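Architecture at a glance
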Amino acid sequence: MNKKEIRTIIKARVKALSARERAVEAVQLLSAVSTEPHFVSAKNVLIYNPLPDEIDVLPILERFKAVKRFFMPVVCADILKILPYTEQQCVGAYNISEPVGLDYVSINDIDLVIVPGVGFTADGYRLGRGKGYYDRLLSGAACYKIGVCFSCQIEPAIGETAEPHDVKMDCVLFSKC
């Protein structure tokens with residue numbers, strides 16, 4: 001299978017999840033993230049505003065914003081820039097909410113990144129949406145990278161399609177329903 005075929009298969013799996021299945025898996029996953037040792041020790045966390053087919057990680061931000069600094073990616077042409085999280089947001093590229101501001105920070109200032117994906121392998125290979133935004137952002141970055149997904153998004157075939165520019169996650173967390 002090629003990447004396009006794998007994306008199609010995984011997107012169909014996610015679409016087939018019931019609202020209840022999504023909710024149960026999300027709660028389990030968010031619990032796993034909040035107790036993951038690298039997350040616990042991280043001070044500066046890059047998180048994302050979820051698309052409809054992604055795990056909603058914003059409850060983590062709400063729960064820990066008093067003790068951690070959160071940041072979000074902003075699409076600027078073909079790269080992701082990083083802004084501090086603010087409640088003031090605008091709709092950016094791909095209809096994704098983004099923080100407003102110009103106080104960009106370097107990926108080198110981030111301790112941990114919570115990364116969405118279309119799919120993952122259990123050992124860290126990631127299949128994104130095909131534009132390479134996260135691969136460019138995370139290439140050479142020292143921060144710890146946690147991929148998050150529903151259990152149906154774990155697909156071993158992704159490892160067979162990995163390319164040299166694909167950035168591997170340090171850890172992939174998913175519900176084990």
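Relevant structure appears above.
Heads up: these notes are all about the structure in this document. All values derive from a computational prediction rather than experimental measurement.

Describing the pattern of salt bridges
In total, this model carries eight salt bridges according to the counting rule given. Salt-bridge contacts for Asp-166 lead to Lys-3; the nearest nitrogen and oxygen are separated by 3.0 Å. Here Asp-166 is found in the loop between helix H6 (157-160) and strand S10 (171-174), whereas its partner Lys-3 is found in helix H1 (residues 3-16), with 163 residues between them in sequence. Owing to a relative accessible area of 15%, Asp-166 belongs among the buried residues under this scheme.

Quick look at the nonpolar core
Judged by nonpolar contacts, the single largest core of 54 residues is most densely connected at Phe-39, Ile-60, Ile-107, Ile-114 and Leu-138. Contacts of Ile-114, omitting those with residues within four sequence positions, involve Val-33, Phe-39, Val-45, Leu-46, Ile-47, Tyr-48, Val-57, Ile-60, Ile-146 and Val-148.

Remarks on empty space enclosed by the protein
Empty pockets left among the atoms are what a rolling probe the size of a water molecule brings to light. Summed over the entire model, instances satisfying the criterion amount to two cavities of 30 Å³ or more. The calculated volume of the largest cavity comes to roughly 60 Å³. If you go around the largest cavity, the residues you meet are Ile-10, Lys-11, Val-14, Asp-53, Glu-54, Gly-117, Val-118, Arg-129 and Gln-153. In this structure, the second largest cavity spans a volume of roughly 30 Å³. Tyr-48, Asp-53, Glu-54, Ile-55, Pro-116, Gly-117, Val-148, Cys-149 and Gln-153 are the residues that line the second largest cavity.

About the cut-offs
- Residues numbered from 1 in each chain as written.
- Predicted model: local features only at pLDDT ≥ 70, side-chain atom pairs only at ≥ 80, totals over all residues.
- Heavy atoms only, no water.
- Salt bridge = Lys/Arg side-chain N within 4 Å of Asp/Glu carboxyl O.
- Helix = DSSP H or I, 4+ residues; strand = E, 2+ residues; numbered from the N terminus.
- Buried < 20%, exposed > 50% of the residue type's maximum accessible area, 1.4 Å probe, protein only.
- Core = buried A, V, L, I, M, F, W, Y, C linked by side-chain atoms within 4.5 Å.
- Contact = heavy atoms within 4.5 Å.
- 1 Å grid on protein atoms, 1.4 Å probe; cavity = no way out; pocket = protein on both sides within 12 Å on 5 of 7 lines; lining within 4 Å.
- Points joined across faces, edges and corners; volume = space filled by probe spheres on them.

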